[in-house]
Amino acid sequence: DTAVSQTPKYLVTQMGNDKSIKCEQNLGHDTMYWYKQDSKKFLKIMFSYNNKELIINETVPNRFSPKSPDKAHLNLHINSLELGDSAVYFCASSHIPSGGASEQYFGPGTRLTVT
Amino acid sequence: SQQGEEDPQALSIQEGENATMNCSYKTSINNLQWYRQNSGRGLVHLILIRSNEREKHSGRLRVTLDTSKKSSSLLITASRAADTASYFCATDNAGTALIFGKGTTLSVSS
């Protein structure tokens, strides 16, 4: 069974379109994340949700809107796509113990290409 | 903001050799983690070392942490072709989100 799954794996779309990426985890974790990895492999946190509530919202354009319908799902909706949004987007999940971040489990990634 | 910086950016070795990667960070941490990313795949957690620990082992992996120098190293012993991947350090910046470095790309040739 896949622990953290994302769909779609590849997404090719034109500028100006709206698209969504879905993420599901079956690990029973209470916290989920979205990361963006650019062409130079730099990985940056975008959002973090704990028990369906937004706890981290880095400097991300408001065209990006995460939605967590329940603890096991965290979807990412992107409006008015731009060329610079082309990247690989990773979903991850973890528990939040006391004393800092715990290990995170990553999905396989969604490669978004905006033309 | 970026926290960790891995060094070297790229490393090429022969099978059986040891590979050492270094990571430096800027602010206080609760723990530091190392992840591996195979080409076209998601990240896989390798090891977590807490700020009050100095060394940790897991199989062929050895991680050290020097909080006074704000640095960590990952040693992979007796490397194999399957170890070819990018390796990232990540710190929690005293919070719950991870801040990743730019990664070291390791190539192990047979």
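So, here is what we can say about the structure in this document. (Residues numbered from 1 in each chain as written. Chains lettered and ligands numbered in written order. Predicted model: local features only at pLDDT ≥ 70, side-chain atom pairs only at ≥ 80, totals over all residues. Heavy atoms only, no water.)

Looking at the overall build of chain B
Note the following rule: The numbering of helices and of strands both runs from the N terminus, where a helix is a DSSP run of H or I of at least 4 residues and a strand a run of E of at least 2. Think of it in three bands: residues with accessible area under 20% of the maximum for their type are buried, residues over 50% are exposed, and the middle band is partly exposed, with areas taken using a 1.4 Å probe on protein chains only. Accessibility throughout is a Shrake-Rupley quantity obtained with a 1.4 Å probe, and a residue counts as covered only by protein chains that appear here. Charged residues are defined narrowly, with Lys and Arg counted positive, Asp and Glu counted negative, and His plus the chain ends left uncounted. All charge positions are set by atom: Lys at NZ, Arg at CZ, Asp at CG, Glu at CD.
Per the secondary structure count, chain B includes zero helices and 11 strands. Overall, the C-alpha framework of chain B stretches about 40 × 25 × 20 Å when taken along its three principal axes. Among the 110 residues that make up chain B, the fraction classed as buried is 46%. Of the roughly 5,000 Å² of accessible surface on chain B, a fraction of 43% belongs to carbon and sulfur atoms. In chain B, 12 side chains carry a positive charge and 10 a negative one; their mean positions are 4 Å apart.

Quick notes on the overall build of chain A
Filter applied, for reference: Just to be clear, the radius of gyration here is over C-alpha atoms, and the globule rule we use is 2.2 Å times residues to the power 0.38. Note on definitions: a residue-residue contact is assigned when non-hydrogen atoms from the two residues lie within 4.5 Å.
Helix and strand content of chain A: zero helices and 11 strands. In chain A, the succession of α and β elements from N to C terminus is β-β-β-β-β-β-β-β-β-β-β. The C-alpha radius of gyration of chain A comes to 13 Å, within 12% of the 13 Å expected for a compact globule of 115 residues. For chain A, the spread of C-alpha atoms along the principal axes amounts to about 40 × 30 × 30 Å. Across the 115 residues that make up chain A, the buried fraction comes to 45%. Taking contacts inside chain A between residues at least 6 apart in sequence as the whole, the part at least 24 apart equals 55%.

Quick look at the sheet that holds strand β8 (residues 73–78) of chain A
Residues and elements named next belong to chain A. Stated precisely, the cut-off is as follows: Strands pair, by our definition, only if DSSP identifies at least two bridges between them. Inter-axis angles, ranging from 0 to 180 degrees, are taken between N-to-C directions of lines fitted to C-alpha atoms, where helices are fitted over the stretch in contact.
If you walk across this open sheet you meet the four strands as β1-β3-β8-β7, and the pairing is antiparallel. This sheet does not close on itself; its edge strands, each paired only once, are β1 (4–7) and β7 (64–70). Strand-to-strand twist across the sheet, computed as the mean angle between neighbouring axes with direction ignored, equals 20°. Looking at chain direction, strand β3 (residues 19–25) and β8 are connected through four bridges and run antiparallel. Bridged to isoleucine 21 within β8 is leucine 76.

So, the nonpolar core
Here is a general trend for soluble globular proteins: nonpolar side chains tend to be buried in one another's company. Definition in use: Within this scheme, the nonpolar core is defined by two criteria: the residues are buried Ala, Val, Leu, Ile, Met, Phe, Trp, Tyr or Cys, and they are joined through side-chain atoms within 4.5 Å.
In terms of nonpolar packing, the biggest core is built from 22 residues, with Leu32, Trp34, Leu74, Ile76, Tyr87 and Leu106 of chain B touching the most fellow members. Not counting chain neighbours up to four residues away, the residues in contact with tyrosine 87 of chain B comprise Glu6, Met21, Tyr35, Arg36, Leu46, Leu74, Ile76, Gly103, Thr104 and Leu106 of chain B. The next biggest cluster of nonpolar side chains, apart from the first, holds 20 residues, and it includes Phe47, Phe64, Leu81 and Leu112 of chain A.

Comments concerning the environment of isoleucine 45 of chain A
Within the element layout of this structure, isoleucine 45 of chain A appears in strand β5 (residues 43–50). Through-space distance from the C-alpha of isoleucine 45 of chain A to that of serine 68 of chain A is 16 Å; in sequence the pair is 23 residues apart. Dropping the residues within four chain positions of it, isoleucine 45 of chain A is found in contact with Tyr33, Trp34, Tyr35, Ile56 and Glu58 of chain A together with Ala97 and Leu98 of chain B.

Quick look at the layout of surface pockets
Note the threshold: Residues are said to line a cavity or pocket when one of their atoms sits within 4 Å of a point; the points come from a 1 Å grid over protein atoms alone, cavities being sets where a 1.4 Å probe fits but cannot get out and pockets being open sets with protein on both sides within 12 Å along at least five of seven lines. Grid points are joined across faces, edges and corners, and a volume is the space filled by probe spheres set on the points.
By volume, the largest pocket is sized at about 400 Å³. Elements with a contribution of two residues or more to the lining of the largest pocket: β9 (87–94) and β11 (110–114) of chain A together with β9 (85–91) of chain B. Per-element accounting of the lining of the largest pocket gives the leading share, four residues, to β11 of chain A.

Examining the state of the cysteines
Each disulfide is one covalent bond, formed between the sulfur atoms of two cysteines. Residue and element names in this part refer to chain A. What counts is decided by this rule: Two cysteine sulfurs form a disulfide in these notes if their separation is within 2.5 Å.
By the definition in use, this model includes two disulfides over all chains. With its sulfur 1.8 Å from that of its partner, cysteine 23 forms a disulfide with cysteine 91. Across the disulfide from cysteine 23 to cysteine 91, rotation about the S-S bond amounts to roughly -75°, and the bridge is consequently left-handed. Separated by 68 residues along the polypeptide, cysteine 23 in strand β3 and cysteine 91 in strand β9 bring together distant segments of the chain.

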